[in-house]
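# Chains, contacts and geometry: an overview
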Amino acid sequence: MIAIIDYQAGNQTSVQRALSYLGVPCKITCVPEEILAARRVIFPGVGAAGKAMEVIRSRGLDQVIREVVQCGTPFFGICLGTQIILDKSEENGNTRCIGIIAGMARKFPETVRVVPHMGWNTICPVRQHPVLAHIPPKAQFYFVHSYYPDPDNPSEVIATTNYGMDFASVIARDNVIATQFHPEKSGPQGLQLLKNFCGWDGKLTPC
């Protein structure tokens with residue numbers, strides 16, 4: 001079973017529908033025991049990092065997520081779920097986040113086109129990863145965001161996207177992978193990516 005973490009930030013049902021379409025058992029839950037017992041965990045979200053972190057901490061989910069990652073369970077962050085696994089977000093004067101991957105969620109500069117970045121855009125893989133298997137070159141995915149992940153370690157950037165500037169659109173380390181875009185809203189390519197995650201053992205070997 002895949003646990004989809006519920007922290008009142010929206011978008012969980014879209015992920016649930018996508019996994020159900022793939023025939024993958026899943027459950028939206030905020031119960032720590034259910035999350036820790038899951039074979040894989042997805043951490044989706046939209047909205048503001050500060051508000052999301054308030055809910056996460058009030059429910060003790062920050063420590064649950066750290067335990068999931070420490071146990072080696074495959075873990076997938078989506079959009080806001082990508083930003084708040086970093087150390088901090090520039091939102092609201094550097095909101096303290098969970099700190100799974102060292103780095104900062106940064107706001108797009110005013111010189112970058114229209115913010116938020118909304119719509120379809122191309123990802124450009126810079127490193128191989130099992131969750132990107134069978135994704136064709138220049139595949140497009142659906143984005144909605146004003147902040148982007150900036151990990152401290154460049155080797156943790158798996159793919160980039162250009163929106164007036166190049167930014168990390170897929171980051172990963174060990175059993176953690178996270179996308180700034182929404183695979184559950186990205187048609188066949190997004191479903192392929194979710195299917196890859198559902199078959200991934202959390203190691204950097206082909207599925």
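Okay, so let's go over this structure. Just so it is clear, the model here is predicted, and its values are computed rather than measured.

## Quick word on the pattern of salt bridges
Overall, the coordinates contain five salt bridges when judged by the stated rule. For Glu90, the salt bridge identified is with Arg106, shortest N-O distance 3.1 Å. Of this pair, Glu90 sits in the loop between β5 (88-89) and α6 (91-94) while Arg106 is found in strand β7 (residues 103-107), placing the two residues 16 residues apart along the sequence. Note on Glu90: relative accessible area 30%, which makes it partly exposed. The class for Arg106 is partly exposed, based on a relative accessible area of 28%. Between Asp150 and Arg106 there is a salt bridge, with the nearest N and O atoms lying 2.7 Å from each other. Residue Asp150 is found in strand β11 (residues 147-151), and its partner Arg106 is found in strand β7; the two are separated by 44 residues along the sequence. Overlapping salt bridges bring together Glu90, Arg106 and Asp150 as one network.

## Notes on the environment of Ala18
Topologically, Ala18 is positioned in helix α1 (residues 12-21). Remark: the alpha-carbon pair of Ala18 and Leu194, spanning 176 residues in sequence, is separated by 8.2 Å. Sequence-distant contacts of Ala18, defined by excluding residues within four places in its chain, comprise Glu184, Leu191 and Leu194.

## Here we look at the nonpolar core
The biggest cluster of nonpolar side chains holds 35 residues, and the ones touching the most others in it are Leu19, Ile42, Phe76, Phe141, Ile177 and Leu193. Elements that contribute at least two residues to this core include exactly β1 (2-5), α1, β4 (75-78), β10 (140-145), β12 (157-162), β13 (166-173) and α7 (187-198). If you tally residues by element for this core, the top one is α7, at four residues. Apart from residues lying up to four places away in sequence, Ile42 is in contact with Ile2, Ala3, Ile4, Ile5, Val15, Leu19, Phe76, Ile78 and Phe197. Val55, Val64, Ile65 and Leu80 belong to the second largest nonpolar core, which has 32 residues in total.

## Notes on the sheet that holds strand β6 (residues 95-96)
Strands belonging to one sheet form pairs held by backbone hydrogen bonds; the direction of such a pair is parallel or antiparallel. Strands sit in the order β6-β5-β7-β11 across an open sheet of four strands; the sheet is mixed. Only two strands of the sheet have a single partner each, and these edge strands are β6 and β11. Relative to β6, β5 runs antiparallel, the two being bridged by two bridges. Of the residues in β6, the one forming a bridge with Ser89 is Thr95.

## Digging into the packing of aromatic side chains
According to the stated counting rule, one finds twelve aromatic pairs in the structure shown. Taking the centre distance of 4.3 Å and the plane angle of 25° together, the rings of Phe141 and Phe181 count as stacked. Of this pair, Phe141 sits in strand β10 while Phe181 sits in the loop between β14 (176-179) and α7, and the two are 40 residues apart along the sequence. As far as the burial class goes, Phe141 and Phe181 line up, both buried. Consider the rings of Phe143 and Phe167, whose centres lie 6.0 Å apart with planes at 85°: the pair is edge-to-face. Of this pair, Phe143 sits in strand β10 while Phe167 sits in strand β13, and the two are 24 residues apart along the sequence.

## Details of the side chain of Ser169
Relative to the assigned elements, Ser169 resides in strand β13. A polar contact of 2.9 Å, which involves the side chain of Ser169, links it to the side chain of Thr161. Apart from the residues within four sequence positions on either side, Ser169 is in contact with Ile123, Phe143, Ala159, Thr160, Thr161, Ala178, Thr179, Gln180 and Phe181.

## Thoughts on the pairing of β12
Burial of β12 is extensive: five of the six residues sit out of reach of the surface. The pairing of strand β9 (residues 124-125) with β12 spans two bridges and is antiparallel. Within β12, the position partnered with Cys124 by the bridge is Thr160. Pairing of β12 with β13, which is carried by five bridges, proceeds in the antiparallel orientation.

Cut-offs and rules
Residues numbered from 1 in each chain as written. Predicted model: local features only at pLDDT ≥ 70, side-chain atom pairs only at ≥ 80, totals over all residues. Heavy atoms only, no water. Salt bridge = Lys/Arg side-chain N within 4 Å of Asp/Glu carboxyl O. Helix = DSSP H or I, 4+ residues; strand = E, 2+ residues; numbered from the N terminus. Buried < 20%, exposed > 50% of the residue type's maximum accessible area, 1.4 Å probe, protein only. Contact = heavy atoms within 4.5 Å. Core = buried A, V, L, I, M, F, W, Y, C linked by side-chain atoms within 4.5 Å. Pairing = 2+ DSSP bridges. Phe/Tyr/Trp six-rings, centres within 6.5 Å; stacked < 30°, edge-to-face > 60°. Polar contact = N/O pair within 3.5 Å; in protein donor to acceptor, adjacent residues only side chain to side chain.

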